[in-house]
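Chain by chain, the residues:
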Amino acid sequence: MNSRALTVLALRATAVGYVVCLILLPLVVLGHQAFLNGVGQFLDDITLPQAWSALVLTIEMALIATALNAVFGTLSAIVLVRYQFPGKWFLNSLVDLPFAIPTLVAGLMIAAIYGPTSFVGAWVERSAITILYEQPGIAFAMAFVTMPFTIRALQPVLMELEPEQEEAAYTLGAGPWTTFWKVTVPSVLPGLLTGVFLAFVRALGEFGSIVIVAGNIPMKTQVASVYVYGEIESYNPRGATSVSIAVLIVSFLALLLLERMTRPPGERFFITAARAESRTP
Amino acid sequence: MSTEAGAARRGLSMLLLVLLCMAAASRPGEAAEPRELILAIYSVPKEAYERSIIPSFQRYWRQRTGQEVRIRASYGASGAQARAIIGGFEADVAALSVEGDVEQIVKAAAISHDWRQTPHNGMVAASVVALGVRKGNPKGIKTWEDLARPGIQVLYPNPKTSGGAMWDIIAIYGAGLKQAERNASGKKVDQTAAAETAAGLLKRIQRNVKVMDKSGRESVTTFERGVGDVIVTYENELLPRIKSGRPYDIIVPAETVWIENPAAVIDRNADRHKVRDVAEAFVAFLHDKEAQTAFLNAGFRPIDQSQMTNARDRPAQLFTIHDLGGWDLVSAKLFGPKGLWTTAVEELARGK
């Protein structure tokens, strides 16, 4: 074997070993623990009223947060790429902040803004919308911590998108709205999907900010991660593991779906199907 | 030790302390040096230990034996300390908030002696569940029933993560039983009917709960942030903060539960570190007048009420966990999968 082949082998072994040690092994152990007492026990654990409603609430809130980020993230990305305005560099660097600050601190920030003693909080309370300690607070916290995903995934694809394509659409008589939906969105779809799915998956597991921002009342404002924490604290590691695995399964399914949807054009299963459908009038 | 450091700094220093302890414990060949004792203490009585109990024990040990004893204490949530010890944290003595956590360490065989064989059944400090209200008590809260009034916002932490919250809910449950007794006005009370009354009170109060934090301390922080009309927590959590000028009042309801906090030598570690004599002396020291006075000053009640002349008044209808049937029974009855609290939460969610 020549040295080049050896290098390739070593590199490959390192990459595989890294992923296996860091991700696969802990996953296997967790999965093993969850199913130690059989699938029936696992199902019993996750269908306990409090566990189930925590899981459902988490998925609902993550979907809302993801939708918020899909819409406003796309708009922000377009603005940040297409338009020049004073202070743009500053805005651009602010975007990454949610990744940089501890989520616990993010929670404190949100609580400080919307708390009853703050100006904004008092105003919001008067207008009879409650954000803090209620479900909107959870979605808000999730949207905050996952904000960079959509924007950062979209920016490079938007930059690569040649303006000629859109100009051609205009020349052919399409309005700005049609151009946006028929030209811009399809071209940046893989980037958008990646951002959206990563944001969704990340939101599912959020703990630090939610535990401060939500009321954490079981079956009302308690998300899965907070439920898991409670089960660990009350000496019920099995219940905690089962619900964690349930969240993991949802995440994994979402990521598999993303992988399917963003394959290169030839293999792009869902999208080609969806496009074929939309083309038939 | 700084007195009023920010919560974050306190957390960081706690972590550092734990790391220090672990690092110190894993270094071999130090037995001949000045004696060293590692303590795992729950977070609430930190001030009492740091400011007076630990220094005075060191003085006491020097006078008795001529030896210097270095004490490294880590502070954290009671359950987390218990789990850390079970997982290998090298503490020689644990002072925790509930006996259940000590029992978990016993189950893991790190404690092998009968830790209740002390003057007060292994307990070193006491408190009661009390109510904190805004300054001047604008909502006129006096009894547990007031907490169930529509529009009153109540705070207590989650009993799954906070031993304090378990006590809070036990206090409400016990008060409900007393209520049933009172309603019967002297006649014999039917057990199931009394339990129903108590469950009703618990459910009506739970309906008014606005936020359930992870710990009692966090719950107080939320209250100080301006959320809620009343907070249910340990009396010893409220007293020092009121003393330091926080704008709220304390109300001790007539019916409330007597809380006792245990301390025990961790045999596995004390023997391995050859400090059993120091560890046992420390636990014994906690029962003595000096430590008891320190607890009293920190807002606790002395474990032996009769010993103290300056102790606070006893609530009129004080009950203990044993009056309600003991810790195991009560925690299953309230917090088990079909427990009263669990059911109340589930029924409230379904809008019943």
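Residues numbered from 1 in each chain as written. Chains lettered and ligands numbered in written order. Predicted model: local features only at pLDDT ≥ 70, side-chain atom pairs only at ≥ 80, totals over all residues.

K.L.:
An account of the overall build of chain A is requested, with residue identities and associated values reported.
P.N.:
Assigned secondary structure in chain A consists of 14 helices and zero strands. In chain A, the succession of helices and strands from N to C terminus is α-α-α-α-α-α-α-α-α-α-α-α-α-α. Along the longest, intermediate and shortest principal axes, the C-alpha atoms of chain A span 70 × 65 × 45 Å. Out of the 281 residues belonging to chain A, those deemed buried represent 34%. Of the contacts made within chain A by residues no fewer than 6 positions apart, 74% connect residues no fewer than 24 positions apart. (Helix = DSSP H or I, 4+ residues; strand = E, 2+ residues; numbered from the N terminus. Buried ≥ 20, exposed ≤ 12 C-beta atoms within 10 Å, placed from the backbone. Contact = placed C-beta atoms within 7 Å.)

K.L.:
Explain the overall build of chain B to me, using residue names and the numbers behind them.
P.N.:
Counting its secondary structure elements, chain B contains 14 helices and 11 strands. With 352 residues in all, chain B has 45% of them scored as buried. Summarising the internal contacts of chain B: among those between residues at least 6 apart in sequence, 74% fall at separations of at least 24.

K.L.:
Describe in detail the interface of chain B and chain A, supporting the description with residues and values.
P.N.:
Taken together, the contact pairs 18 residues of chain B with 21 residues of chain A. By residue class, the composition of the side of chain B that touches chain A is seven nonpolar, five polar and six charged. (Nonpolar A, V, L, I, M, F, W, Y, C, P; charged D, E, K, R; others polar.)

K.L.:
Give me the lowdown on the confidence of the model for chain B, citing residues and values where you can.
P.N.:
Residue and element names in this part refer to chain B. Residue-level pLDDT values for chain B average 88, and 88% of them are 70 or greater. Note that residues 1–5 has pLDDT below 50 and, in this model, two contacts with residues that lie over four places away or in other chains. pLDDT under 50 marks residues 26–32. Its contacts with residues more than four places away, or in other chains, come to two contacts. Interface confidence for the predicted complex, given as ipTM, is 0.75, next to a pTM of 0.80. (pLDDT = per-residue confidence, 0-100.)

K.L.:
I'd love a proper account of the environment of Glu196(B), names of residues and values included.
P.N.:
Residue and element names in this part refer to chain B. Its place among the elements puts Glu 196 in helix 7 (residues 191–207). What makes Glu 196 partly exposed here is the crowd of 14 C-beta atoms within 10 Å. Expressed as a C-alpha distance, the spacing of Glu 196 and Ala 180, which sit 16 residues apart in the sequence, is 8.9 Å.

K.L.:
Outline the packing of helix 10 (residues 176–204) of chain A against helix 13 (residues 237–261) of chain A, listing residues and values.
P.N.:
Residue and element names in this part refer to chain A. The contact between helix 10 and helix 13 brings their axes to 10 Å, and the two run at 175°. Relative to helix 13, helix 10 is oriented roughly antiparallel. Within the contact between the two elements, helix 10 uses Leu 193, Thr 194, Phe 197, Phe 200, Val 201 and Leu 204 and helix 13 uses Val 247, Val 250, Ser 251, Ala 254, Leu 255, Leu 258 and Met 261. Here the contact of helix 10 with helix 13 is built from residues that sort into 11 nonpolar, two polar and no charged. (Axes fitted to C-alpha atoms, helices over the stretch in contact; angles between N-to-C directions. Parallel < 35°, antiparallel > 145°, perpendicular 65-115°, else oblique.)

K.L.:
If you had to explain the pairing of strand 1 (residues 35–42) of chain B to someone new, which residues and values would you point to?
P.N.:
Residue and element names in this part refer to chain B. Judged by how many residues are buried, strand 1 sits mostly within the fold: six of eight residues are covered. In this structure, strand 1 lies alongside strand 2 (residues 69–76), joined through eight bridges in parallel fashion. The residue of strand 2 that forms the bridge with Glu 36 is Arg 70. As a crossover connection, the stretch from strand 1 through helix 2 (residues 46–65) into strand 2 is right-handed. (Pairing = 2+ DSSP bridges. Right-handed = clockwise from strand over helix to strand, strands pointing away.)

K.L.:
Give me the nonpolar core: which residues, what numbers.
P.N.:
Of all hydrophobic cores here, the largest spans 160 residues; its most connected members are Val93(B), Ala94(B) and Leu202(B). Sort the elements by how many residues they give to this core and helix 8 (residues 135–160) of chain A lands first, with 14 residues. Once residues within four sequence positions are removed from consideration, Ala94(B) is found in contact with Ala40(B), Gln81(B), Ile85(B), Val102(B), Ile105(B), Ala263(B), Ala264(B) and Ile266(B). (Core = buried A, V, L, I, M, F, W, Y, C linked by C-beta atoms within 7 Å.)

K.L.:
Give a detailed account of unusual backbone geometry, specifying residues and quantitative values.
P.N.:
Positive phi outside glycine occurs at Tyr133(A), with the angle close to 70°. By secondary structure assignment, the location of Tyr133(A) is in the loop between helix 7 (119–126) and helix 8. Even without being a glycine, Ala109(B) presents a positive backbone phi close to 65°. Structurally, Ala109(B) can be placed in the loop between helix 4 (99–107) and strand 4 (123–134). For Ala109(B), a count of 10 C-beta atoms within 10 Å corresponds to the exposed category.

K.L.:
Before we move on, could you go through the packing of helix 6 (residues 163–183) of chain B against helix 13 (residues 327–335) of chain B and cite the residues and values that matter?
P.N.:
Residue and element names in this part refer to chain B. Contact geometry for helix 6 and helix 13: axes closest at 11 Å, N-to-C directions at 85°. On the basis of their axis angle, the class for helix 6 and helix 13 is roughly perpendicular. For the pair helix 6 and helix 13, the contacting residues are Met 166, Ile 169, Ile 170 and Tyr 173 in the first and Val 330, Ser 331, Leu 334 and Phe 335 in the second.

K.L.:
Provide a residue-level description of the pairing of strand 4 of chain B, including the pertinent values.
P.N.:
All names here are of chain B. Burial runs high along strand 4: 10 of the 12 residues are buried. Bridge count between strand 4 and strand 9 (residues 255–265): five bridges; the pairing is antiparallel. Bridge assignment links Val 128 to a residue of strand 9, and that residue is Trp 258. Summarising the sheet, strand 4 and strand 10 (residues 301–302) pair through two bridges and their orientation is antiparallel. Along strand 10, the bridge assignment pairs Ala 126 with Arg 301.

K.L.:
Give a description of helix 2 (residues 38–46) of chain A that names residues and reports values.
P.N.:
Residues and elements named next belong to chain A. Every buried residue of helix 2 is listed here: Phe 42, Asp 45 and Ile 46. Taken down its axis, helix 2 places every buried residue within 90° of arc, on the same side. Exposed positions of helix 2 whose direction lies more than 90 degrees from the buried face are Gly 40 and Leu 43. Of the surrounding secondary structure, the elements contacted by the buried residues of helix 2 are helix 1 (3–34), helix 3 (49–82) and helix 13. (Arc of directions from axis to C-beta.)

K.L.:
Describe helix 7 of chain B, naming the residues involved and giving the relevant values.
P.N.:
Under the 1.5 Å per step criterion, the end-to-end length of helix 7 of chain B is 24 Å for 17 residues, consistent within 8% with the ideal 24 Å. Along helix 7 of chain B, the residues classified as buried are Thr197(B), Ala198(B), Ala199(B), Leu201(B), Leu202(B), Lys203(B), Ile205(B) and Gln206(B). (Expected span 1.5 Å × (residues − 1).)

K.L.:
An account of the confidence of the model for chain A is requested, with residue identities and associated values reported.
P.N.:
Parts of the prediction with low pLDDT should not have their coordinates interpreted in detail. Residue and element names in this part refer to chain A. Across chain A, the average pLDDT comes to 88, with 93% of residues at 70 or higher. When pLDDT is averaged over each helix and strand of chain A, the minimum, 48, is found for helix 14 (residues 269–279) and the maximum, 95, for helix 3. Residue range residues 268–274 is modelled with pLDDT below 50. Its contacts to residues more than four positions away, or to other chains, number six contacts.

K.L.:
Can you explain the environment of Ile212(A)? Please cite residues and give values.
P.N.:
When you line up the elements, Ile212(A) lands in helix 11 (residues 210–213). Dropping the residues within four chain positions of it, Ile212(A) is found in contact with Leu104(A), Gly107(A), Leu108(A) and Ala111(A).

K.L.:
Describe in detail the environment of Pro150(B), supporting the description with residues and values.
P.N.:
Note that Pro150(B) resides in the loop between helix 5 (144–147) and strand 5 (154–155). You can call Pro150(B) exposed: it has 7 C-beta atoms within 10 Å.

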